[in-house]
Amino acid sequence: MNDPVLVINCGSSSIKYALVPADPGQPRLTGLVERVGEHDARLLGHDSRGERFERALADAGHVEALEAILDGLEGHRPVAVGHRVVHGGEHFTRAALLDDAVVAAIEQTAALAPLHNPANLQGVAATRQLFPELPQVAVFDTAFHQSLPARAYRYALPEALYRDHGIRRYGFHGTSHAYVSARADALSSLEGGNWLTAHLGNGCSTAAVREGRSLDTSMGLTPLEGLVMGTRSGDVDPGLHAHLGRQLSWTLERIDEVLNRGSGLLGLSGLSHDMRELESAAEAGHAGARLAIEVFCYRIAKSLAGLSCALPRLDGIVFTGGIGENSSLVRGKVVDHLPHFGLGLDRKANAATVGGREGRIDGRHPAAPRLWVIPTDEEGRIAEETRQLLGAATR
Ligand code: ADP
């Protein structure tokens, strides 16, 4: 494996990793450590032949977990580490080489992502301790959306809330939207296309991307805004919080918990947050599962229609994420809700483009916008941004 970059996505109790070689044709070593810090912590990895392996790591903290990850890399040593960092605020408009000043700036952004950024920084601290000689780069989920114009990122709130407290729309999943829109450009032989991208996983968001720049996106100050997600509500009436507080005496913590973890597909269906399970249940006649899928798809279409205002014309829509890559049902319903876009879905191609396949699912009418299914590659993009930044730094 030549010049691999180790990509780390560190959560409070899990560390996902991928060793990404410079040559995209070569296999990656991937895996995760789960339950970091607990007695039953373990490493689940894939070796270079794609075989799964597992190691118990009783009570391993972040440093021990990273040591175990290194042991599982079959003797390969990374040339750099790329860290996924959720929130870069307004400070980070692109990836940044990690030094003490950058770590301090990420710490200052913690108020905007109190769960994620401190966990990401634990991973940064552990890798800097283990590999003091290696360059390390932070790649931010928010950075791609820093190109939004003010009309898209400002809330209609008193100006001081923005000026003094950074309350504005930031957007997330930037690495994924950046990757799939660039890939759609390449696949369509367009220099800088006008795309609507839909990242539909457990978390879901849409973006309008023109010439490689994000112009609007569905997530906002937090990843709760926008689409219906696995367990997140997405958009609700902002008056809901006061209503629940006054009428049901719910605390802010309870409202936050219900909107983030008890809503979305799970809340609507009363059954599951998982689209596969909901599709089977809907097929079997479960009314809640059917409703959840209907609301989910309608809201995606509504979001795409809204975001189309950010683009001068539409070259196509890109579907990605676990649902976007696999659910021909969801893709079909979303397209059906957008008759005025003049889309022509090829139903056979739609049904066949699943399971990690990349492909075009429109009828290829020259005047119709394209419909792409593009498996996302956030790890590859983080590795690429890490390489680009280091290449620029050493030139
Ligand atoms: P995350 O956002 O956690 O990375 P993923 O991108 O893996 O999640 O997406 C998970 C979602 O993808 C789940 O709702 C899952 O049910 C859905 N999904 C995966 N495979 C299929 C499939 N074959 N058909 C429908 N939905 C699927």
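Residues numbered from 1 in each chain as written. Predicted model: local features only at pLDDT ≥ 70, side-chain atom pairs only at ≥ 80, totals over all residues. Heavy atoms only, no water.

(A) Spotlight on the sheet that holds strand β5 (residues 52-56). As summarised here, the arrangement of the eight strands in space is β5-β4-β3-β2-β1-β6-β8-β7, forming an open sheet in which the pairing is mixed. Each edge of the open sheet carries a strand with a single partner, namely β5 and β7 (96-97). Relative to strand β6 (residues 80-85), strand β1 (residues 5-10) runs parallel, the two being bridged by four bridges. Each bridged residue has a counterpart across the sheet, and for V7 the counterpart in β6 is G82. Helix-sheet contacts for helix α3 (residues 116-130) involve β1, β6 and β8 (136-140), and the interaxial angle to β6 is about 170°. (Pairing = 2+ DSSP bridges. Helix = DSSP H or I, 4+ residues; strand = E, 2+ residues; numbered from the N terminus. Contact = heavy atoms within 4.5 Å. Axes fitted to C-alpha atoms, helices over the stretch in contact; angles between N-to-C directions.)

(B) Region of the structure containing the pairing of β1. Along β1, five of the six residues are buried, which leaves the element largely enclosed by surrounding structure. Bridge count for β1 against strand β2 (residues 14-20) is six bridges, and the pairing is antiparallel. Bridge pairing in β2 places L6 opposite L19. (Buried < 20%, exposed > 50% of the residue type's maximum accessible area, 1.4 Å probe, protein only.)

(C) Summary view of the site of the ligand. The immediate surroundings of the ligand are formed by G201, N202, G203, D274, M275, R276, E279, G321, G322, I323, N326 and S327. Measuring from an oxygen atom of the ligand, one finds a backbone N or O atom of M275 at 3.0 Å. Coverage of the ligand by the protein amounts to 69% of the 580 Å² it exposes when considered alone. For the shell around the ligand, the secondary-structure elements that each account for two or more residues are α10 (275-283) and α12 (321-326). Counting residues per element, the shell around the ligand draws most heavily on α12, which supplies four residues. Residues of the shell around the ligand, tallied by class, amount to two nonpolar, seven polar and three charged. (Near = heavy atom within 4 Å. Polar contact = N/O pair within 3.5 Å; in protein donor to acceptor, adjacent residues only side chain to side chain. Areas by Shrake-Rupley, 256 points an atom, 1.4 Å probe, with all protein chains shown as cover. Nonpolar A, V, L, I, M, F, W, Y, C, P; charged D, E, K, R; others polar.)

(D) Expanded view of the nonpolar core. Core analysis: the largest hydrophobic core is formed by 41 residues, its most contacted members being L200, F296, I317, V330 and V334. Taken together, the elements giving at least two residues each to this core come down to β9 (194-200), β10 (204-210), α10, α11 (287-307), β12 (316-320), α13 (328-336) and β14 (370-373). Looking at this core element by element, the count peaks at nine residues for α11. Contact partners of L200, with chain neighbours within four places excluded, come to L227, I300, F319, T320, G321, G322, I323, G324 and V330. With 24 residues, the next largest nonpolar core counts L6, I15, A41 and A65 among its residues. (Core = buried A, V, L, I, M, F, W, Y, C linked by side-chain atoms within 4.5 Å.)

(E) Quick peek at the sheet that holds β9. Sheet architecture is open: six strands sit in the order β11-β10-β9-β12-β14-β13, paired in mixed fashion. Pairing within the sheet leaves two strands with one partner each, and these edge strands are β11 (213-217) and β13 (359-360). Sheet strands in contact with helix α6 (residues 174-187) are β9, β10, β12 and β14, and its direction is about 135° off that of β9. Across the sheet, α13 lies against β9, β12 and β14, angled at about 155° from β12, the strand it touches most.

(F) Expanded view of the pattern of salt bridges. Overall, the coordinates contain 22 salt bridges when judged by the stated rule. Note that E90 and R168 form a salt bridge whose closest N and O atoms lie 2.8 Å from each other. With E90 in the loop between β6 and β7 and R168 in the loop between α5 (159-165) and α6, the pair connects residues that are 78 residues apart, well separated along the chain. Between R276 and D274 there is a salt bridge, with the nearest N and O atoms lying 3.7 Å from each other. (Salt bridge = Lys/Arg side-chain N within 4 Å of Asp/Glu carboxyl O.)

(G) Here's a closer look at α10. For α10, the full list of buried residues reads M275, L278, A281 and A282. One side of α10 carries all its buried residues, which in axial view fall inside an arc of 125°. Away from its buried face, by an angle of more than 90 degrees, α10 presents the exposed residues R276 and E283. Contact partners of the buried residues in α10: α9 (264-269), α11, α12 and α13. Among the residues of α10, the N-terminal cap falls to D274, whose side-chain oxygen and the backbone nitrogen of R276 are separated by 3.0 Å. G285 lies just past α10 and shows a positive phi near 100°. (Arc of directions from axis to C-beta.)

(H) Broad picture of the side chain of S272. Structurally, the position occupied by S272 is in the loop between α9 and α10. Within the structure, the side chain of S272 is placed 2.8 Å from the backbone nitrogen of D274, a separation counted as a polar contact. Once residues within four sequence positions are removed from consideration, S272 is found in contact with L265, L266, E277 and L278.

(I) Examining the environment of L215 more closely. Its location among the elements puts L215 in strand β11. C-alpha of L215 to C-alpha of T197: the two residues are 18 residues apart in sequence and 11 Å apart in space. In contact with L215, not counting residues within four places along its chain, are L148, P149, A152, A208, R210, A310 and L311.

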